[in-house]
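# Overview (structure and organization)
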Amino acid sequence: MARFSKATLNIPDLHPIVAMHALLVGLHLGKFLDTLYTNPPANIDELRNRAARYINIEENVDVRRKIMKTSEVLTSEHIHIPKENELGDLKIIQP
């Protein structure tokens, strides 16, 4: 979005409808584009706001996936939790 915004500033007398169309044509197929076609934005500002929200959601989802992947690796490969039959003479003390 930053690159698009910077490029549109360099175009004198750019009509907002043309800017919106250019942005829509440049988007990859996916959920965000589907929502824009289902519920078109009223103006370029609304389009930018919706794009910013969508980007924020995607970034948060990516971070969450990385955290989950890291925790799965840690629990499955680095931490060995012995089963009760592996404890031998040791007893589990309840707090």
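Source: prediction; values computed, not measured.

## A closer look at the overall build of the protein
Along the protein, the regular secondary structure elements total four helices and zero strands. The helix and strand sequence of the protein, counted from the amino end, reads α-α-α-α. Residues counted as buried form 16% of the 95 residues belonging to the protein.

## With respect to the environment of A51
Structurally, A51 can be placed in helix α4 (residues 44-78). The spatial distance from the C-alpha of A51 to the C-alpha of F32 is 7.9 Å, given a sequence separation of 19 residues.

## Some thoughts on the confidence of the model for the protein
Summing up the model confidence of the protein, the mean pLDDT is 75 and the portion of residues at 70 or higher is 71%. When pLDDT is averaged over each helix and strand of the protein, the minimum, 70, is found for helix α1 (residues 2-9) and the maximum, 87, for helix α3 (residues 31-38).

## What about the pattern of salt bridges?
Following the criterion strictly, the structure yields three salt bridges and no others. Across the pair D45 and R48 runs a salt bridge whose closest N-O atoms are separated by 3.9 Å. Separated by three residues within a single helix, D45 and R48 lie in helix α4, roughly one turn from each other. When its relative accessible area of 47% is taken as the criterion, D45 is described as partly exposed. Residue R48 is classed as partly exposed on the basis of its relative accessible area, which comes to 27%.

## Points about α3
What α3 keeps buried is the set F32, L33 and L36. The arc that holds the buried residues of α3, viewed along the axis, is 95°, so those residues lie on one side. Along α3, the residues that are exposed and aim more than 90 degrees away from the buried face are K31, Y37 and T38.

## Thoughts on the nonpolar core
Ranked by size, the top nonpolar core spans 11 residues in total: F4, A19, M20, L23, L24, F32, L33, L36, I44, L47 and A51. Elements with a contribution of two residues or more to this core: α2 (16-26), α3 and α4. Top contributing element to this core by residue count: α2, with four residues. If we ignore the near neighbours within four places in the chain, the residues touching I44 are F4, A19 and M20.

What counts and how
Residues numbered from 1 in each chain as written. Predicted model: local features only at pLDDT ≥ 70, side-chain atom pairs only at ≥ 80, totals over all residues. Heavy atoms only, no water. Helix = DSSP H or I, 4+ residues; strand = E, 2+ residues; numbered from the N terminus. Buried < 20%, exposed > 50% of the residue type's maximum accessible area, 1.4 Å probe, protein only. pLDDT = per-residue confidence, 0-100. Salt bridge = Lys/Arg side-chain N within 4 Å of Asp/Glu carboxyl O. Arc of directions from axis to C-beta. Core = buried A, V, L, I, M, F, W, Y, C linked by side-chain atoms within 4.5 Å. Contact = heavy atoms within 4.5 Å.

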